[in-house]
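Given next are the chains, with one letter for each unit.
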Amino acid sequence: MPPTAVRIENPCEGDQLLNCQDNDWSYQVKESKRARRASVRVKVRSGIEVTIPIGYDRSRIPDFLNQHSEWIQHRLERARDVKESLNPDAIRLEALDTTWRVSYIKTPGDKLELRTPGPGQLVLRGHIDDPVRVAERLNLWVHKAAESALIPWLDRESKRLSLQYSKVSIRHQKSRWGSCSARGSINLNQNLIFLSPREVEYVLAHELCHTKELNHSKRFWDLLTSIQPEARSIRKGLRNHNLPIWIWYPFL
Ligand SMILES: [Zn+2]
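Residues numbered from 1 in each chain as written. Predicted model: local features only at pLDDT ≥ 70, side-chain atom pairs only at ≥ 80, totals over all residues.

Undergrad: Even after reading the chapter, I still don't get helix H3 (residues 131-161), so can you show me in this structure?
TA: Every α-helical turn comprises 3.6 residues, leaving residues that sit three or four positions apart pointing alike. Over its 31 residues, H3 runs 43 Å from end to end, which matches the ideal 45 Å to within 8%, given 1.5 Å per residue. Every buried residue belonging to H3 is among Val134, Ala135, Leu138, Val142, Ala145, Ala146, Leu150, Trp153 and Leu154, and all of these are buried. Just downstream of H3, Ser162 is the residue with a positive phi angle, here 50°. (Helix = DSSP H or I, 4+ residues; strand = E, 2+ residues; numbered from the N terminus. Expected span 1.5 Å × (residues − 1). Buried ≥ 20, exposed ≤ 12 C-beta atoms within 10 Å, placed from the backbone.)

Undergrad: It is not clear to me how unusual backbone geometry should be interpreted in this structure. Could you clarify?
TA: If a residue is not glycine, its phi is most likely negative; likewise, a peptide bond is most likely trans. Its identity as a non-glycine residue notwithstanding, Asp97 has a phi of 50°, on the positive side. Looking at the element boundaries, Asp97 is found in the loop between strand S5 (90-93) and strand S6 (98-106). The backbone of Ser162 shows a phi angle near 50°, a positive value even though the residue is not glycine. Structurally, Ser162 can be placed in the loop between H3 and strand S9 (167-171). Residue classification places Ser162 among the exposed positions, given that 7 C-beta atoms sit within 10 Å.

Undergrad: Would you mind going over the sheet that holds S5 with me for this structure?
TA: Strand order in the open sheet formed by 4 strands is S5-S6-S8-S7, with mixed pairing between adjacent strands. Each edge of the sheet is formed by a strand with only one pairing partner; in this case those strands are S5 and strand S7 (112-118). The sheet shows a mean angle of 25° between the axes of neighbouring strands, taken without regard to direction. The sheet contacts of H3 involve S5, S7 and strand S8 (121-126), and relative to S7 the element is tilted by about 45°. (Pairing = 2+ DSSP bridges. Axes fitted to C-alpha atoms, helices over the stretch in contact; angles between N-to-C directions. Contact = placed C-beta atoms within 7 Å.)

Undergrad: How should the environment of Pro88 be read in this particular structure?
TA: Looking at where Pro88 falls in the secondary structure, it is placed in the loop between helix H2 (69-84) and S5. For Pro88, a count of 18 C-beta atoms within 10 Å corresponds to the partly exposed category. In the structure, Pro88 is positioned 50 residues away from Leu138 in sequence and 9.6 Å away in space, judged by C-alpha atoms. With near-sequence residues (within four places) excluded, Pro88 lies in contact with Val102, Pro244 and Trp246.

Undergrad: It is not clear to me how the sheet that holds S9 should be interpreted in this structure. Could you clarify?
TA: Backbone hydrogen bonds are what pair the strands of a sheet, in a parallel or an antiparallel way. With respect to topology, 3 strands assemble into an open sheet ordered S9-S11-S10, the strand pairing being mixed. The open sheet has two edge strands with one neighbour each: S9 and strand S10 (178-180). The mean angle between the axes of side-by-side strands here comes to 15°, regardless of whether they run parallel or antiparallel. In this sheet, strand S11 (residues 185-189) lies alongside S10 in antiparallel orientation, the contact comprising 3 bridges. Looking across to S11, one finds that Gly178 is bridged to Leu188. Across the sheet, H3 lies against S9 and S11, angled at about 150° from S9, the strand it touches most.

Here it is as structure tokens:
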């Protein structure tokens, strides 16, 4: 069950970077021994990056970029959307029907602390100008909130449905809402707490049914729809879910 797809590109390290300026775009050039042809990507943090094979004629780069200008423009706009979503004012946890107001207090030094002074209040204090660290800190908080909500929730559903699992862990997964192993060990995506309670219950029931049927056969669906008659329509809705973009930022 994939959440909104976000392509994660691993940052390349260890290669020499050269800053170049051409037309309206600034870009970085990286020579790679493994590259067979020129390629381009757009990263949220560092912008346009062109990778070229050793010996590639650099005067060809502007033409190369112009050939891909539409794609690059699109990716630059997306990167801007990601940046605008940083340091959110509020975090809505739909599954728990709670909204947390986030305030930011800048103080000198390198520390970054997160506090919850009262219900629905989050305060980030310290070095708040580094969006990566802020997003990482908020992600950690989301992860803990997900653990304390989803683990007992799964347990309740397991007892209610008489479907037993052996172990549960909460992960920050990019491509799945949940999974279940042959040994009955269930992984749940921390980002489930951004979904509605009905959708969470669907995912929990789905994974619990896998403890009996480790496939998506007719028997599996018969079992699942006997528990949740609307399972198929809930599943469809899960495909185009809008999660807050900042949760992906530590990976972009
Ligand atoms: Zn499944």
